[in-house]
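A structural walkthrough
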Amino acid sequence: GAGVSQSPSNKVTEKGKDVELRCDPISGHTALYWYRQRLGQGLEFLIYFQGNSAPDKSGLPSDRFSAERTGESVSTLTIQRTQQEDSAVYLCASSTQGPYEQYFGPGTRLTVT
Amino acid sequence: AQRVTQPEKLLSVFKGAPVELKCNYSYSGSPELFWYVQYSRQRLQLLLRHISRESIKGFTADLNKGETSFHLKKPFAQEEDSAMYYCALKRTDKLIFGTGTRLQVFP
């Protein structure tokens, strides 16, 4: 079946612009996660959705970052007024319950110039 | 604070040699640990979890609470094992990942 998909695969934007990243989880997966991976670093947790509620958004680095999810479907991560330090690969993952086995998408590579 | 440490950024071995990728954690409680792997041009995927006590692709990992470690081992490395390996710790509803170790297996 179809795995987790993310779009766009690559995004280059100018500093100060807003960007929106999209994640389509595996159908039926109730849990959805966003991570950020900066060059040479590990995966940094951003936010977790259970259904369309976000019980844990503790990883969002600033109020420029927000995310929403429609039902148990698509999620969008929005970064406002992008900064160069936002350049990273943004990964989305989904799972049926809890974080036991997360299925990852291919990621969106964001470059802020 | 809960933390996962992978001290080696790169581990290079020859085919047939034993491999041990180190992972140490800090967690006040009963930990649940995982190894994820990312092969070249593929997605990050689960390799194994400690509660399953399974061997996947010849890899095993034993939780050592005394040493707070969860090292990944394989007795005879293969070229197809070359990949990035991430150790992860379950914390409530999310995973805390280490910085990863790149394993290179030379022919």
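That block above? That's the structure.
As a starting point, this report considers the structure included with it. Just so you know, these numbers come straight off a predicted model, no measurement behind them.

Quick notes on the rules
Residues numbered from 1 in each chain as written. Chains lettered and ligands numbered in written order. Predicted model: local features only at pLDDT ≥ 70, side-chain atom pairs only at ≥ 80, totals over all residues. Heavy atoms only, no water. Helix = DSSP H or I, 4+ residues; strand = E, 2+ residues; numbered from the N terminus. Rg over C-alpha atoms; globule rule 2.2 N^0.38 Å. Buried < 20%, exposed > 50% of the residue type's maximum accessible area, 1.4 Å probe, protein only. Disulfide = S-S within 2.5 Å.

1. Section: the overall build of chain B
Each helix and strand in chain B was counted, giving 0 helices and 11 strands. Sequence-ordered secondary structure for chain B, helices as α and strands as β, is β-β-β-β-β-β-β-β-β-β-β. By the compact-globule yardstick of 13 Å for 107 residues, chain B fits well, its C-alpha radius of gyration being 13 Å. Projected onto its principal axes, the C-alpha coordinates of chain B cover approximately 40 × 30 × 25 Å. Counting across all 107 residues of chain B, residues that qualify as buried make up 44%.

2. With respect to the state of the cysteines
Here a disulfide denotes a covalent bond joining the sulfur atom of one cysteine to the sulfur atom of another. Scanning all chains against the criterion turns up 2 disulfides over all chains. Paired through a disulfide, Cys23(A) and Cys92(A) show a sulfur-sulfur distance of 1.9 Å. Between Cys23(A) and Cys92(A) the disulfide shows an S-S torsion of about -65°. By sign, it is left-handed. Placement of Cys23(A) in strand 3 (residues 19-24) and of Cys92(A) in strand 9 (residues 88-95) is noted, with a sequence separation of 69 residues between them. Classification of Cys23(A) as buried rests on a relative accessible area of 0%. Here Cys23(B) is linked by a disulfide to Cys87(B), with a sulfur-sulfur distance of 2.0 Å. Judged by the sign of its S-S torsion, about -65°, the bond between Cys23(B) and Cys87(B) is left-handed. Of this pair, Cys23(B) sits in the loop between strand 3 (19-21) and strand 4 (24-26) while Cys87(B) sits in strand 9 (residues 83-91), and the two are 64 residues apart along the sequence. Each of the two residues, Cys23(B) as well as Cys87(B), counts as buried.

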